[in-house]
Amino acid sequence: MATNRVLSIQSHVVHGYVGNKCATFPLQVLGFDVDPINSVHLSNHTGYKHIRGQKMNDSELTDVFEGIVLNDLHGMYSHLLTGYIGTPQFLKKIVDVVKTLKKANPNLVFFCDPVMGDNGKFYVPETFVDIYRDELIPLADIVSPNQFEAELLTGIKIKSESDAWAILDTFHKQGVKIAVISSTDIGAPDNLLAFLSELPKGATKPKRSTLLMPKIGTVNFTGTGDLFAGLFLAHITTSPEASAALEKTVASLQAVIHNTAQHLSAVVTPGTTITAVDRELRIVQSKKDIEEPKVVLKAQIHK
């Protein structure tokens, strides 16, 4: 069995960087083989004026995955990563994929990034909340929701650090070993605060840490959550401590955002509109920052 081989089920765009386009390159740079299944195949992400393409349905996922199983390839995976999914039926079918992969390899790590929306806005049907909460999260080893998604999945609003810890404890009670909220507005107005909690099997008390990240500019870049998940999967696998994995993840993520913002200032003049094309993450151009993250922001360990 390959040591680090990821089956990554999430979106694909021809132009730009979200979903599998965000996760595959960084994972490969960090030494992981990646086999992508594209839940949607679109011309570009939804921040553009026009979108064309297709959504894979549940029967098509079954057909593709059956080919993997029939060729006895399903036992090769060390990780399953899931991100943006197009339909509720497709999402439900992932439950079968997880169970089949874990039967073939009991040590498989299921990393569930429950992509549903951000900043109070849904990207998907609201029925996804129940499917994630009741069917997929209980099968997951690692989850990485943003603040909006974490609140939806638990019914807890994050108004303080204790609220965030309560959310992560809820995930642990469902069987999740490592839960991270990739960003919250607790550090407002100039910072974002990430929360990480690890409860290994047999442990009675979680290891907790936070990491404060300065906001870079005022532009919101699409795909940062997908990039976070791919980076964190790699670093949580190879780092001795979860807090170190978070530090490396944030270091590379901040570098990519900084490089993209620097590019913006070079191509956009004052008074002009910043287009979706200009805002695309500079992931390939940030290869060195991904391969060799320079940790400046340190996690705070909570006893």
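Definitions and cut-offs
Residues numbered from 1 in each chain as written. Predicted model: local features only at pLDDT ≥ 70, side-chain atom pairs only at ≥ 80, totals over all residues. Heavy atoms only, no water. Pairing = 2+ DSSP bridges. Helix = DSSP H or I, 4+ residues; strand = E, 2+ residues; numbered from the N terminus. Contact = heavy atoms within 4.5 Å. Phe/Tyr/Trp six-rings, centres within 6.5 Å; stacked < 30°, edge-to-face > 60°. Lys NZ or Arg CZ within 6 Å of the ring centre and 35° of its normal. UniProt positions renumbered as here; feature names shortened; annotations may be inferred. Disulfide = S-S within 2.5 Å. Buried < 20%, exposed > 50% of the residue type's maximum accessible area, 1.4 Å probe, protein only. Axes fitted to C-alpha atoms, helices over the stretch in contact; angles between N-to-C directions. Parallel < 35°, antiparallel > 145°, perpendicular 65-115°, else oblique. Left-handed = near helix turned anticlockwise from the far one by under 90°. Core = buried A, V, L, I, M, F, W, Y, C linked by side-chain atoms within 4.5 Å. 1 Å grid on protein atoms, 1.4 Å probe; cavity = no way out; pocket = protein on both sides within 12 Å on 5 of 7 lines; lining within 4 Å. Points joined across faces, edges and corners; volume = space filled by probe spheres on them. Nonpolar A, V, L, I, M, F, W, Y, C, P; charged D, E, K, R; others polar.

### Focus: the sheet that holds strand 1 (residues 5–13)
Read across the open sheet, the ten strands follow the order 3-2-1-4-5-8-9-10-11-12; overall the sheet is mixed. Of all strands in the sheet, those with a lone pairing partner are strand 3 (53–55) and strand 12 (300–302), marking the two edges. When strand 2 (residues 33–42) meets strand 3, the two strands line up antiparallel, connected through three bridges. In the sheet register, Val-40 faces strand 3, and the bridge partner there is Lys-55.

### Side note on the environment of Lys-287
Turning to its location among the elements, Lys-287 is positioned in helix 9 (residues 287–291). As for Lys-287 and Ser-252, which are separated by 35 residues in sequence, their C-alpha atoms are 9.3 Å apart. When residues no more than four places from it in sequence are discounted, the contact partners of Lys-287 are Phe-25 and Val-29.

### With respect to the packing of aromatic side chains
Two aromatic rings are characterised by how far apart their centres lie and by the angle between their planes. Summed over the entire model, instances satisfying the criterion amount to five aromatic pairs. Among the aromatic side chains, those forming a connected cluster through ring pairs are Phe-111, Phe-228 and Phe-232. The ring centre of Tyr-17 lies 5.2 Å from the NZ or CZ of Lys-21, which sits over that ring.

### Details of the UniProt feature "domain: Pyridoxamine kinase/Phosphomethylpyrimidine kinase" (unreviewed entry) in the protein
Those places that UniProt annotates as "domain: Pyridoxamine kinase/Phosphomethylpyrimidine kinase" (unreviewed entry) correspond, in this numbering, to residues 82–262. Split by type, residues 82–262 is 46% helix and 17% strand. Its first and last C-alpha atoms lie 30 Å apart.

### Some words on the state of the cysteines
In this structure the tally under the stated criterion is zero disulfides. Cysteine Cys-22 remains unbridged, with the sulfur of Cys-112 as its closest cysteine sulfur at 17 Å. Overall, Cys-22 belongs to the buried group, its relative accessible area being 0%. Taking the relative accessible area as the measure of exposure, Cys-112 reaches 0% and is therefore buried.

### Topic: the packing of helix 5 (residues 147–154) against helix 6 (residues 161–173)
Packed helix pairs are specified by the crossing angle of their axes together with the interaxial distance, meaning the distance between the axes. One can describe the packing of helix 5 onto helix 6 by two numbers: an axis separation of 10 Å at closest approach and a directional angle of 60°. Here helix 5 is positioned oblique relative to helix 6, judged by the angle of their axes. Along this stretch, helix 5 crosses helix 6, giving a crossing that reads as left-handed. Residues Ala-150, Glu-151, Leu-153 and Thr-154 of helix 5 pack against Ile-167, Thr-170 and Phe-171 of helix 6.

### Remarks on the nonpolar core
Membership of the largest hydrophobic core comes to 49 residues, with the highest contact counts inside it found for Leu-7, Ile-9, Leu-80, Ile-94, Tyr-132 and Phe-171. For this core, the element with the highest residue contribution is helix 3 (residues 88–104), accounting for seven residues. Leave out the neighbours within four places in its chain, and Ile-94 touches Ile-9, Leu-61, Thr-82, Ile-85 and Leu-136. Counting 37 residues, the second-largest nonpolar core is a separate cluster that includes Phe-111, Leu-231, Ala-242 and Leu-281.

### Brief notes about unusual backbone geometry
Phi is positive for Asp-72, which is not a glycine, with a value near 60°. The backbone of Asn-119 shows a phi angle near 50°, a positive value even though the residue is not glycine. Position of Asn-119 relative to the elements: it lies in the loop between strand 6 (117–118) and strand 7 (121–122).

### Digging into the layout of surface pockets
To find the voids left in a structure, one rolls a probe of water-molecule size over its atoms. Considering only enclosed or pocket space, the largest pocket measures out at about 1,600 Å³ in volume. Lining of the largest pocket is provided by 49 residues; of these, Asp-118, Tyr-123, Phe-221, Thr-222 and Thr-224 occupy positions nearest its centre. Elements represented by at least two residues in the lining of the largest pocket include exactly strand 1, strand 2, strand 6, helix 5, strand 11 (207–214), helix 7 (224–238) and helix 8 (242–267). It is helix 7 that contributes the most residues to the lining of the largest pocket, four residues altogether. Of the residues contributing to the lining of the largest pocket, the split by class is 17 nonpolar, 23 polar and nine charged. Breaking the lining of the second largest pocket down by element, the ones donating at least two residues are strand 5 (109–112) and helix 7. With three residues, helix 7 is the single largest residue contributor to the lining of the second largest pocket.

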